[in-house]
Amino acid sequence: MKMVGSLIYCFVVCICLCQCLAFPVDYNNTAVPVKGKLNVHLVPHSHDDLGWLKTVDQYFVGSNSSIQVAAVQYILDSVVSALQEDPNKKFIYVETGFFARWWRQQNEKKKEIVRKLVASGQLEFINGGWVMHDEATVMYVDMIDQTSLGHRFLMKEFGVLPVTGWQIDPFGHSAVQAYLLCAEVGFSSLFFGRADYQDIANRRNRRTMETIWRGSKTLGASAQVFTGILPNLYVPPDGFDLGIATTEAVVQDDPFLYDYNLEERVNSFVKSARDQAKQYRTNHIIWTMGEDFAYESAGTWFKQMDKLIHYVNKDGRVNAFYSTPTIYTREKYMSNEIWPLKTDDFFPYADHSNAYWTGYFTSRPALKGYVRKLSGFLQAAKQLEFLVGRNKRKPNTYSLEEAMAIVQHHDAVVGTSKQHVANDYAARLSHGSLEAENVMSSALVCLMNGKSSNFCGDKISSEQRAQTEPKKENLFEEIDSESISRDKIELEQCPLMNISYCPKSEANLDTGRSLAIVLYNPLGWKRNEVIKIPVTNTTLEVLDSIGNKIQTQIVPVDPATRRVRNFYTQDMSVQAGPLFNLYFEASVPPLGYSVYFLKAAKNGASAAGTLSMKPGHINGEIIVDSTRIQLAFSKSTGLLKEIRNHHNNAVFPINQSLCWYNSSDGNTRKGTYEASGAYIFRPNISRCFPIEDSKKQVIQSVTKGNVVSEVYQQFSPWASQVVRLYKNAEDVEIDFLIGPIPIDDDLGKEVVSQFRTNMVSNKEFYTDSNGRDFLKRIRNYRADWNLSVHEIIAGNYYPLNLGIYLKDNDTEFSLLVDRSVGGSSVSDGELELMLHRRLLHDDNKGVAENLNETVCFDNNKTCEGLTVQGKIFLNVNPTEQASEWRRTKGQREVLPLQIFFVTVGDEIKIKEPQFSALAKGYELPPNVAIITLQELEDGQTLLRLAHLYEASENVKLSVPATVDIHNLFPGRKIKKIVELNLSGVQEKSKIKTLNWKVEGDTGSSAGAPRRDALKDGEHIVELSPMEIRTFNLDFDV
Ligand SMILES: [Zn+2]
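Keep in mind that this is a model prediction, so the values were computed, not measured.

Right, let's get into the coordination of the zinc ion. Every protein donor of the zinc ion is accounted for by His47 (NE2), Asp49 (OD), Asp169 (OD) and His410 (NE2), and the metal-donor separations fall at 2.0 to 2.1 Å. For the zinc ion, the four donor atoms are set out with angles of 90 to 165 degrees between them, so the coordination reads as irregular. For the zinc ion, the donor residues sit on a single chain with the sequence spacing H-x1-D-x119-D-x240-H. With a gap of 120 residues between them, Asp49 in the loop between strand S1 (39-44) and helix H2 (56-61) and Asp169 in the loop between strand S4 (164-167) and helix H7 (175-183) connect regions that are remote in the sequence. An identical accessibility class is assigned to Asp49 and Asp169; each is buried.

Next comes the structure, spelled out in structure tokens:
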């Protein structure tokens, strides 16, 4: 009986549980937004960095797991299966660079499945650039290019343009990101995770975590974007990490098993949702259900979300469902809420009182310099590739285009990856640039042979080519012929010219041979510029293309550069011996080239004279002049002390020096542990220690001449400068050489160039946003909240890509940079730029390596700290001329002349020694630039024109400008022009914009009037200040 009783009891219990829980449970995950309820949008996502602790391809395949377990290929495999199994599940994918790697490997059957998932909205691409680019250390043109590369892939394979911005991880957010890379692309919203901890606390209180962001003063409401700061960086709320390796509670709804926690999980979900809702407007909130490299086992996330959605909705206090940021944005828009307004940007970013993420503005300055150099190089390569027709086969510019896209990632050019990953980025750039150099070289050879566009690439058949082939009459003809490998480079660049190393120009030129110097100008304006090339003897002359002798000047290469050159070229069998820089002024037409010839001077005559003086022989102050300004250096300190304007006799007192901040090792101050590291800048004390050598004079030599004057300053064995003034210059070029930074005293150092003036700047200074707009900064102040100041130096640093300036009543003092750097005005009248950092501690932000870059040779037997060479350009001018100088000089530095060399015999006559792709005599207006001219893989042409000035920046130039597109393509017949969105994939007229309601809006703040898309048959393009217009062109071949 007893036994029978137990059995009956057990039977009854089982029946009851099965009825109560009805296992297997058919989880209902079909929920959608419900009016009147608190709606929790669960957004499944994975944050996949294109390189950080592992390289991009290691992350893709999943190798190098001892560093980090992360494999993107399995994430995509796993997510696609999960979505295919259940039409209610959703997922967003963000990094097209990874997706394209995976896509290439899929068969047609799998591709068809994915196309259906995309078409149904289950899989949505958002952001969609090749990478999630950084926003502090990148130029706007590179941001546009990498976004376009990703969007072109998505449009080609899926016919979609992403509509949502997703910059969840970058360490601060730029105005250009908001108005240009979101609004102008066609995104209706932008979401990110990181903003200053004080800003976030204030916004949570005021429920201003979501705003309408108008990043452009000029474009205003016409380029705005709904912007949401995510509630938990980009991870789920506490307790809801559902990944396979989670340490948090797994949703356990089976009462037959231990640790049943359904009630607790549902209560916790509801509480988290309600807490979050207090900080946000409307009854819609977003939960980011993912993290770094999540969903390798997608099932663990989806299975638990299915349960949460099912039970939470059964509970009924809140409504949870699968969603995407696009659906979330739509609900926010439909709520009719009036949103707060945000202008300017989100820099600098601090995540606690002593952790300002302002070190990365300068981290890995050599990589930053390399990326900047290749940015202009790539634009020039794409132009030349377009001019002669893109090769369907290699070589083409694609490898460099992809490498440049990858390095815009928010751990790449940023300088926050591990060293082996930084090496991988540099190697990709190097491989890409070699191929692109090949493209440029063949294109130039072809054009120099007198063949116009379309005669050098793949566009014409070999029969046609044979018919049009000129007779073999010069050196260049063989390069063109089909029988010769296109890999053969005849024209060569010298990538190490920055350390005065160029085998071509250093070689001895016998009688009867000369070195052709081909200068390609990627600007739409004619330019006259002084060229500097290293040579080994002084009896040389330079002739222009019609044989006129050009004025030259020879200056000995300074000892610091020679030392660096010797160290960095030790495995290149470089000849020792005298070394000089030869200077001459060249003139190059717009979007075209000029050829100059370097040859041995007849009768051994010396090139233009030089004058070098030891400072001891100079009386009084040390002075050098251009036709426009004079520089005076103090004889006692050796430092620049005045800039005098010959034109208006204005005298500008200035003191420029080098100094270093001692990096905090993390324990030097009370309070939070925080060291200076790859991300963080935290000086130990606010003093910047001068770099000086009391035993030696700073000025080591002075050279004056007819082309250039130079003052060589040596501050210490590891810090020197050449202050250079060209004959007709209105600006000063400071060529600095910093390193190896000594660390034998166990002190980390962050080296700064400091400029002191007596300008009355009232705490104000101006820095650029991604090289585009200039934003006013006020020391120890933020427009959006009352700032509590804890780091008086690091907390006032801003990212520079173009430059920084101070403003007085009618004078502006500007500095332009040749790569991204951190800069500030830490005292009135002062500007400073951080040039190099060598650190002995990690800052605990994830990279887990000290930023201590070293360079080794001879199987690591010879190593030293990295030396960085770079340039700063300095200008003092009345306001009107100052803005014009910044924009014009800025364009010249962003798109420098590309210099090629080839040795030729005297008998050679180059058919076309000078060429411009533009209509005869035409150049672009001074306020307009071509920022893209590219033939795409499908043969279509992409053209972007940019107005370079903000509204009210310059009386003369902040006005609408006009370009007749026919002037850009003489000799070609344009079949069709279509105006596109900024990323170049969607017709502009099809882009929808949302009309958000904004607090304080009176309807009059619409911003600049925007034009309709160019209509069929139109070819006159008008550009308003700060406007960029993108076109697809189809030519009759
Ligand atoms: Zn990241």
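Having put the structure on the table, let's press on.
Most of strand S15 (residues 527-535) sits inside the fold, with seven of its nine residues counted as buried. Pairing geometry for S15 and strand S19 (residues 580-588), over nine bridges, is antiparallel. Counted as the bridge partner of Asn528 is Ser587 from S19.

Okay, the packing of helix H9 (residues 262-277) against helix H10 (residues 298-315) next. Axis separation between H9 and H10 bottoms out at 10 Å; the angle between their running directions is 75 degrees. In terms of orientation, H9 and H10 fall into the roughly perpendicular class. For the pair formed by H9 and H10, the contact residues are Leu262, Val266, Phe269 and Val270 on the first element and Leu308, Tyr311, Val312 and Asp315 on the second. For the contact of H9 with H10, a count of residues per class yields seven nonpolar, no polar and one charged.

All right, on to the state of the cysteines then. Under the criterion given, the structure shown has three disulfides. In this model Cys494 forms its disulfide with Cys502; the gap between the sulfur atoms is 2.1 Å. On the S-S bond that ties Cys494 to Cys502, the torsion sits near 55 degrees, and the link is right-handed. Both residues of the pair, Cys494 and Cys502, count as buried.

Interaxial distance between helix H3 (residues 72-85) and helix H4 (residues 96-104) falls to 10 Å at its minimum, and their mutual angle equals 75 degrees. Here H4 runs roughly perpendicular to H3, going by the angle between their axes. Along the contact surface, H3 presents Val72, Gln73, Leu76, Asp77 and Val80, while H4 presents Phe98, Phe99 and Trp102. A breakdown of the residues in the contact of H3 with H4 according to their chemical character gives six nonpolar, one polar and one charged.

Pairing between side chains of opposite charge can happen when their charged atoms approach one another. Per the counting criterion, the structure on display carries 64 salt bridges. Put simply, Lys382 and Asp145 hold a salt bridge, and the shortest N to O gap is 3.1 Å. Note that Lys382 is positioned in helix H12 (residues 365-388) and Asp145 in helix H6 (residues 140-158), a separation of 237 residues in sequence. Each of the two residues, Lys382 as well as Asp145, counts as buried. Salt bridges linked by common partners bring Lys532, Glu710, Arg724, Glu733, Asp735 and Lys871 together as one network.

Quick look at the pairing of strand S24 (residues 640-645) now. The buried fraction of S24 amounts to five of the six residues, a majority that puts the element mostly inside the structure. In sequence, strand S23 (residues 629-633) turns back onto S24 through a hairpin of six residues, with Gly638 there showing a positive phi of about 80 degrees. Bridge analysis of S24 against strand S25 (residues 651-662) gives three bridges, and the strand direction is antiparallel. Each residue of the ladder has a partner; that of Ile643, found in S25, is Phe652.

Time to look at the confidence of the model for the chain. Overall, the prediction assigns the chain a mean pLDDT of 92, with 91% of residues at 70 or greater. Overall, residues 459-489 carries pLDDT values under 50, and its contacts beyond four positions in sequence, including any with other chains, amount to 52 contacts.

Each strand in a sheet pairs with another by means of backbone hydrogen bonds, the pair being arranged parallel or else antiparallel. Spatially, the four strands line up as an open sheet ordered S46-S47-S52-S49, and their pairing is antiparallel. At either margin of the open sheet sits one strand with a lone partner, and together these are strand S46 (928-935) and strand S49 (973-980). For this sheet the average axis-to-axis angle between neighbouring strands, irrespective of direction, equals 25 degrees. Examined bridge by bridge, S49 and strand S52 (residues 1028-1036) share seven bridges and lie antiparallel to one another. Within S52, the residue paired with Ile974 across the bridge is Phe1035.

This paragraph deals with the sheet that holds strand S5 (residues 189-192). Ordered in space as S4-S5-S7-S6-S11, the five strands form an open sheet in which the pairing is mixed. Lying at the two open borders of the sheet, with one neighbouring strand each, are S4 and strand S11 (341-342). Pairing analysis gives five bridges linking strand S6 (residues 210-214) to strand S7 (residues 224-229), with the strands arranged antiparallel. Following the sheet pairing, Ile212 is matched in S7 by Phe226.

A word on the side chain of Arg194. Structurally, Arg194 is set in the loop between S5 and helix H8 (197-206). We classify Arg194 as buried; its relative accessible area is 12%. Engagement of the side chain of Arg194 in a polar contact is seen with the side chain of Asp169, the distance being 2.8 Å. In this structure the side chain of Arg194 is engaged in a polar contact, spanning 3.1 Å, whose partner is the side chain of Tyr349. Among all residues touching Arg194, those that are not within four sequence positions of it are Ile168, Asp169, Pro170, Phe171, His173, Leu233, Tyr349 and Trp357.

Moving on: the environment of Arg777. Within the element layout of this structure, Arg777 appears in strand S35 (residues 773-778). Contact partners of Arg777, with chain neighbours within four places excluded, come to Asp345, Phe347, Lys763, Glu764, Phe765, Thr767 and Tyr798. Within polar-contact distance, the side chain of Arg777 engages the side chain of Asp345 at 2.8 Å. At 2.9 Å, the side chain of Arg777 forms a polar contact with the side chain of Thr767.

Turning our attention to H10. Side chains of residues three or four places apart in an α-helix project in the same direction, reflecting 3.6 residues per turn. Between its first and last C-alpha atoms H10 spans 26 Å; for 18 residues at 1.5 Å apiece the expected length is 26 Å, and the two agree. Turning to H10, its buried residues number three or more, namely Ala298, Trp301, Phe302, Gln304, Met305, Asp306, Lys307, Leu308, Ile309, His310, Tyr311 and Val312. Against the buried residues of H10 lie S1, H3, strand S2 (91-93), H9, strand S8 (284-289) and strand S9 (319-322). Backbone geometry just downstream of H10 places Gly316 in the positive-phi region, at approximately 90 degrees.

The rules behind each value
Residues numbered from 1 in each chain as written. Predicted model: local features only at pLDDT ≥ 70, side-chain atom pairs only at ≥ 80, totals over all residues. Heavy atoms only, no water. Donors = N, O, S within 2.8 Å, 3.2 Å for Na, K, Ca; no water. Tetrahedral: all angles 85-135°; square planar, octahedral: opposite > 155°, others 65-115°. Helix = DSSP H or I, 4+ residues; strand = E, 2+ residues; numbered from the N terminus. Buried < 20%, exposed > 50% of the residue type's maximum accessible area, 1.4 Å probe, protein only. Pairing = 2+ DSSP bridges. Axes fitted to C-alpha atoms, helices over the stretch in contact; angles between N-to-C directions. Parallel < 35°, antiparallel > 145°, perpendicular 65-115°, else oblique. Contact = heavy atoms within 4.5 Å. Nonpolar A, V, L, I, M, F, W, Y, C, P; charged D, E, K, R; others polar. Disulfide = S-S within 2.5 Å. Salt bridge = Lys/Arg side-chain N within 4 Å of Asp/Glu carboxyl O. pLDDT = per-residue confidence, 0-100. Polar contact = N/O pair within 3.5 Å; in protein donor to acceptor, adjacent residues only side chain to side chain. Expected span 1.5 Å × (residues − 1).

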